[in-house]
Amino acid sequence: MPSIQLVNPFNHQPLHYSNEGLKDSGNNLFPLENGAYKFVKSDNYTSNFGFQWNKFVTTQIDKSTNFKLSYDRFFAQTGWDKEDLSGKNMLEVGSGAGRFTQIVLDHTKANLYSVDYSNAVEANYKNNGPNERLHLFQASVYELPFAPAQFDKVFCFGVLQHTPDVKKSVESLISMVKPGGELLVDFYSVSGWWTKIHAKYLLRPFTRKMSHEQLYKKIDKHADWLIATNRFFSKIGLGKILNRFLPICDIDGTLPSGLSKEKLREMVVLDTFDMFSPQYDQPQRISTVVNWFNTYGMSNVWGGYVYYGKYKSAVVKGIKK
Ligand SMILES: C[S@@+](CC[C@H](N)C(=O)[O-])C[C@H]1O[C@@H](n2cnc3c(N)ncnc32)[C@H](O)[C@@H]1O
């Protein structure tokens, strides 16, 4: 096992490995189930993500789709050198089905500690386990089972906006980085007053309260005409204005061209569910996240948009002092 000190996040006592899972000296047990150590008691606000990632296990995984979406996003955003990462300890928070877990494991020789609050960790294990460099935990960013300041690299992609207290999430991520180590986050950004004038934000107050199954069935039922209308608006050059009022994901901005009809539909249903189901959806100003990085002890902080192909992401990164 690599040298990361694991701790019980509730009493901060060191944890050791046993046959059943991880234990502290008081015999508190965090069991190993379906490939991941569990630090959550029951259902939590991320059950929608557990539902979606266990339904769409391979939909976004590069090695299953033969696209390089996750690979391109990961290396465009981080600029990390694959060779440099050999033997480094990395932490991924909010891994979902493991699209970036796969990139780290298959393209670097880093040791990866990967965490998600939902049982998406099980989908991640199906995609990426078993692997001696992968250590999976079902835990929250607010209660991470690691002693502070141990990781060379920490990344958290597509997660912050879905947490209840984004500032506290950033503080917790920073606490995991060792001096000289790096943290990189990407998130939904506020680009202007129009950000929330969007079918997503108008309908979410209702959709996020629906049962996951009910919401999924509704999206699946209406997917075909929504895709056709979205494609039509784009074809006549009005996509940028009109598509934001359609209750469907941003096909032009987030999905690759050249998908088969079936694959496009699958990705649309997943992304549309991902849009309407989360409990929290709190886009942030890049400058706000930069300020938090500075406040909580990061140096060389950079925030801005990273462009790769036709895609762009809001990214903030920095080095721990
Ligand atoms: C939109 S998904 C992104 C997953 C993956 N990073 C990707 O880009 O495909 C957001 C993920 O963040 C996780 N998440 C939300 N709140 C969390 C928390 N408090 N701690 C850890 N993970 C959390 C969710 O369970 C979900 O899998």
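This structure is a prediction, so every number in the text was calculated from the model and none was measured. (Residues numbered from 1 in each chain as written. Predicted model: local features only at pLDDT ≥ 70, side-chain atom pairs only at ≥ 80, totals over all residues. Heavy atoms only, no water.)

Undergrad: Kindly report on the sheet that holds strand S2 (residues 21-23), identifying the contributing residues and their values.
TA: The strands making up a sheet associate through backbone hydrogen bonding, with each pair oriented either parallel or antiparallel. Spatial strand order, S1-S2-S3-S4-S7-S6-S5-S8-S9-S11-S10: 11 strands in an open sheet with mixed pairing. Where the open sheet ends on each side, the last strands, each with one partner, are strand S1 (16-17) and strand S10 (298-308). The pairing of S10 with strand S11 (residues 311-320) spans nine bridges and is classified as antiparallel. Following the sheet pairing, Gly304 is matched in S11 by Val315. The strands that helix H6 (residues 166-175) touches are strand S5 (89-93), strand S8 (151-157), strand S9 (177-187), S10 and S11; relative to S9, the one it contacts most, it runs at about 145°. Sheet strands in contact with helix H12 (residues 286-295) are S9, S10 and S11, and its direction is about 155° off that of S10. (Pairing = 2+ DSSP bridges. Helix = DSSP H or I, 4+ residues; strand = E, 2+ residues; numbered from the N terminus. Contact = heavy atoms within 4.5 Å. Axes fitted to C-alpha atoms, helices over the stretch in contact; angles between N-to-C directions.)

Undergrad: Residues and numbers for the nonpolar core, please.
TA: By size, the foremost hydrophobic cluster in this structure holds 38 residues, and its most contacted members are Leu91, Phe137, Phe146, Leu173, Leu183, Val185 and Phe293. Elements represented by at least two residues in this core include exactly S5, strand S6 (111-116), S8, H6, S9, H12 and S11. With five residues, H12 is the single largest residue contributor to this core. Within the second largest apolar cluster, 31 residues are counted, among which are Phe56, Ala120, Cys249 and Leu264. (Core = buried A, V, L, I, M, F, W, Y, C linked by side-chain atoms within 4.5 Å. Buried < 20%, exposed > 50% of the residue type's maximum accessible area, 1.4 Å probe, protein only.)

Undergrad: Summarise the domain arrangement of the chain; cite the residues concerned and give the values.
TA: According to the domain assignment, the chain consists of domain 1 (16-190 + 283-320) and domain 2 (196-276). Taken over C-alpha atoms, the centre of domain 1 sits 26 Å from the centre of domain 2. Tallying the contact residues gives 18 residues for domain 1 and 22 residues for domain 2. Here domain 1 meets domain 2 over a buried area of about 1800 Å², counting both sides, of which 64% is carbon and sulfur. (Domains from an automatic or database assignment. Buried area = accessible area lost by both parts, 1.4 Å probe.)

Undergrad: Can you explain the packing of aromatic side chains? Please cite residues and give values.
TA: Overall, the coordinates contain 27 aromatic pairs when judged by the stated rule. Here Phe74 and Trp80 contribute two aromatic rings whose centre-to-centre distance is 5.7 Å and whose plane-to-plane angle is 75°, an arrangement assigned as edge-to-face. Their ring planes at 85° and their centres at 5.2 Å tell us that Phe146 and Phe151 sit as a pair that is edge-to-face. Comparing Phe146 with Phe151 shows no difference in burial state: the two are buried. Taken together, the ring pairs connect Phe10, Tyr17, Phe30, Tyr37, Phe39, Tyr113, Phe137, Phe146 and Phe151 into an aromatic cluster. The side chain of Lys312 reaches across the aromatic face of Tyr305, ending 4.1 Å from its centre. The ring of Trp302 has Lys317 sitting right over it, with the charged end atom 5.6 Å from the ring centre. (Phe/Tyr/Trp six-rings, centres within 6.5 Å; stacked < 30°, edge-to-face > 60°. Lys NZ or Arg CZ within 6 Å of the ring centre and 35° of its normal.)

Undergrad: Can you break down the site of the ligand residue by residue, with the values?
TA: If you check the shell around the ligand, you find 22 residues, and the closest are Tyr45, Gly94, Asp116, Val141 and Phe157. Within the side chain of Asp116, one N or O atom sits 2.6 Å away from an oxygen atom of the ligand. A distance of 3.2 Å is found between a nitrogen atom of the ligand and a side-chain nitrogen or oxygen belonging to Ser140. Computed on the free molecule, the ligand has an accessible area of 600 Å², of which 97% lies beneath the protein chains in the complex. Contributions of two or more residues to the shell around the ligand are made by helix H1 (47-55) and helix H4 (99-107). (Near = heavy atom within 4 Å. Polar contact = N/O pair within 3.5 Å; in protein donor to acceptor, adjacent residues only side chain to side chain. Areas by Shrake-Rupley, 256 points an atom, 1.4 Å probe, with all protein chains shown as cover.)

Undergrad: How would you explain the pairing of strand S3 (residues 29-33) if you had to name every residue and give the values?
TA: Bridge count between S2 and S3: three bridges; the pairing is antiparallel. Each residue of the ladder has a partner; that of Leu22, found in S3, is Phe30. Linking two consecutive strands that pair antiparallel, namely S2 and S3, is a turn of five residues; a positive phi of about 70° is found at Asn27 within it. The pairing of S3 with strand S4 (residues 36-38) spans two bridges and is classified as antiparallel. Within S4, the position partnered with Leu32 by the bridge is Tyr37. In this structure, the hairpin formed by S3 and S4 is closed by a connection of two residues, where Asn34 is found at a positive phi of approximately 50°.

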